[in-house]
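Examination of the molecular architecture
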Amino acid sequence: MLILTLRRTFTSGFTHFRRNGWLSFAVISIISLTLLIISTLIVLSIAANIIIRSVQDKVDISVYFKSEVPETRIIEFRSAVLQYKEVKSADYISKNRALDEFKVKNADNPMILQSIDAIGDNPLNASVNIKAVTPDKYEIIATAIQNSTFKDDISRINYAKNKIVIERLNNVLSSTRKVGAVLATLFSLIAILITFNAIRITIYAHRQEIEIMRLVGASNPYIRLPFIFEGVIYGAISAIVVMLFLFPLIRFAAPYIAGAVSVKDVQANFLHYFWLIFFVQIVVGVALGTISSLIAVRRYLKI
Amino acid sequence: MIEFRNVKKIYTGGINTVALDDISFVIEKEEFVSLVGHSGAGKSTLLKLLYAEEKPTSGEILFNGEDIAKLTLGQLPYHRRRIGTVFQDFKLLPRKTLFENVSFALEVSGHSDKEIRELVPQILEIVGLAHKMESYPREISGGEQQRVAIARALVHRPPLIIADEPTGNLDPISSWGIIQLLLKINKLGTTVLLATHNKEIVNRIKKRVITLDQGKIIRDHSKGRYAI
């Protein structure tokens, strides 16, 4: 009985969909537009994340130690810092390594290299490079280090230099999230209203059928199901349509949003998200169709 | 089978309209009852109360001893399956064939495909349209369309058929054909409640007539005539 009902109502919903070609086309284009707007927002936020992450990777704080501090003390400091839950990584850079890196960096500047040789001794300080879990944690980490038992061993912390970059990054991050959330909510609301009205038109086209179904004793679920299936079909097809448009669009836009990161990276990132985006599209599309159908058919089912 | 007990129906709105005022009567099983009266006398309202399209303002309507007003929303479809309805405007689905129009009623009540393939041609045979099963409503005459509607009303073998002005859109000859069909159905054991203002037809049927005027029963004769 249940299977019979499902089969019949699905067939009926599919028939509605097929026989009302233009109406179906109109509804699908509306849902598709909505999904495209929502997915554009998702894509933009992914792009923002990619860019931000690449900047984030470049931000850190370096703690420089006074030259008389023994290596064991610095390693001790490093393991202490790693205990902080805000810290993602901490790299120890010894005096020698610092010198090597310095030499590599200034390889094309013989003047500097010569002057280093002239000093004879290694003038650089050993340091620990610390990366935080999120950019807003640097302040906490820096303060914690300044108040720790290691404060007398430290010659300087270059947090201040990075502070401005870190703060700006934090601002960009939180404002993109806020704007994104507001836009997504707004467009979802508009989408629900439009889809709701579109499906109401299809139900209006079937009002006679609904009336007769009630007269011959069709139960409410039986009357409702074809419209719900119709909504599901609209949602699913719209999701597929949007995916067909979205990825060529990303391919086209990738060079422009890439900026600091490489084009390949951007594309790889989106391919990585393909199934997630597709899944979101299907869920949102189907939900949009179903909810609109449910609300629209309600008023025909009183008494 | 059907009992109205002091039923009152008032339509509330801008102006309160009393559609039915203190109606009481009994219809026995297998009776054929004509309900007559001018337009606005309350005939349609009375029928709507029976298939629960409207609820009475006060009073009870018993169907096989059960108060219709107390049915839950979930029970209503099952109540409606006990009543076949026929209307002036046929209410056929234009984009379905005659077969599909009739099978529709069986599909919604969960009959199997096998039953549908057996029952529908049988019932179309009874109304004399088995040979036009694959036609669409627009391809047949009004009288024939009404026969399809009757077939649809009959197909799940309800104990009661309600016909609201079934001949309103038909010429006299087709009209009488429809009435004969209803009489035949009645003879086979189905209770029929016919609302009409066609004087000639009522006088020819020579069965019980209930006359309504301004929401009240003014006459109830067992071998009635149309007289207002």
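Thresholds applied
- Residues numbered from 1 in each chain as written.
- Chains lettered and ligands numbered in written order.
- Predicted model: local features only at pLDDT ≥ 70, side-chain atom pairs only at ≥ 80, totals over all residues.
- Helix = DSSP H or I, 4+ residues; strand = E, 2+ residues; numbered from the N terminus.
- Buried ≥ 20, exposed ≤ 12 C-beta atoms within 10 Å, placed from the backbone.
- Contact = placed C-beta atoms within 7 Å.
- Pairing = 2+ DSSP bridges.
- Nonpolar A, V, L, I, M, F, W, Y, C, P; charged D, E, K, R; others polar.
- Axes fitted to C-alpha atoms, helices over the stretch in contact; angles between N-to-C directions.
- pLDDT = per-residue confidence, 0-100.
- Parallel < 35°, antiparallel > 145°, perpendicular 65-115°, else oblique.
- Left-handed = near helix turned anticlockwise from the far one by under 90°.
- Core = buried A, V, L, I, M, F, W, Y, C linked by C-beta atoms within 7 Å.

**Here's the deal with the overall build of chain B**
- Of the regular secondary structure elements, chain B holds seven helices and ten strands.
- Buried positions account for 43% of the 228 residues belonging to chain B.
- Looking at chain B alone, contacts between residues at least 24 apart form 67% of all its contacts between residues at least 6 apart.

**Some details on the sheet that holds strand β5 (residues 66-67) of chain B**
All names here are of chain B.
- Read from one edge to the other, the open sheet built from four strands follows the order β2-β1-β4-β5, with strand pairing classed as antiparallel. Looking at strand neighbours, the two that pair on one side only are β2 (17-27) and β5, the edges of this open sheet.
- In this structure, strand β4 (residues 58-63) lies alongside β5, joined through two bridges in antiparallel fashion. Along β5, the bridge assignment pairs L62 with D67.

**Here's the deal with the interface of chain B and chain A**
- On the side of chain A, 15 residues touch chain B, which itself brings 16 residues to the contact.
- When contributions to the side of chain B that touches chain A are tallied by element, the ones reaching two or more residues are α2 (76-80) and α3 (98-108) of chain B.
- Counting residues per element, the side of chain B that touches chain A draws most heavily on α3(B), at four residues.
- The residue inventory of the side of chain B that touches chain A, partitioned by class, reads seven nonpolar, three polar and six charged.

**So, the sheet that holds strand β6 (residues 83-87) of chain B**
Residue and element names in this part refer to chain B.
- If you trace the six strands from one edge of the open sheet to the other, you get β6-β7-β8-β3-β9-β10, paired in mixed fashion. This sheet does not close on itself; its edge strands, each paired only once, are β6 and β10 (216-221). Mean inter-strand twist for the sheet, computed between neighbouring axes without regard to direction, equals 15°.
- The sheet strands contacting helix α1 (residues 43-50) are β3 (32-36), β6, β7 (160-164), β8 (191-196) and β9 (208-213), and the helix crosses β7 at an angle near 150°.
- Each of β6 and β7 touches helix α5 (residues 142-154); the most contacted strand, β6, lies at about 165° to it.

**Focus: the confidence of the model for chain B**
- The pLDDT averaged across chain B works out to 91; a share of 100% of its residues lies at or above 70.
- The ipTM assigned to the predicted complex is 0.81, against a pTM of 0.68.

**Some thoughts on the packing of α3(B) against α5(B)**
Residues and elements named next belong to chain B.
- Following both chains from N to C, one finds α3 and α5 inclined at 25°, their axes separated by 8 Å at the closest point. As summarised for this structure, α3 and α5 are arranged roughly parallel, according to the angle between their axes. Crossing of α3 over α5 shows right-handed handedness. Between α3 and α5, the residues in contact are L98, N101, V102 and A105 and V148, A151 and R152, respectively.
- Across the contact of α3 with α5, the residue classes tally to five nonpolar, one polar and one charged.

**Concerning the nonpolar core**
- The biggest cluster of nonpolar side chains holds 100 residues, and the ones touching the most others in it are B:L35, B:V102, B:A151 and B:I162.
- Here the element with the most residues in this core is helix α9 (residues 220-258) of chain A; it accounts for 13 residues.
- For B:A151, the contacting residues outside a window of four places in its chain are B:V102, B:I123, B:L124 and B:V127.
- Counting 17 residues, the second largest nonpolar core, distinct from the first, contains A:A90, A:A126, A:Y138 and A:I145.

**What about unusual backbone geometry?**
Residue and element names in this part refer to chain B.
- Its identity is not glycine, yet E30 carries a phi of approximately 65°, on the positive side.
- The exposure class assigned to E30 is partly exposed, which follows from the 14 C-beta atoms found within 10 Å.
- Even without being glycine, E165 reaches a positive phi, approximately 50°.
- Its location among the elements puts E165 in the loop between β7 and α6 (172-187).
- Residue classification places E165 among the buried residues on the basis of 20 C-beta atoms within 10 Å.

**Observations regarding the environment of B:F63**
- Relative to the helices and strands, B:F63 is located in strand β4.
- Those residues within four positions of B:F63 in sequence are excluded, and the remaining contacts are B:I2 and B:I68.

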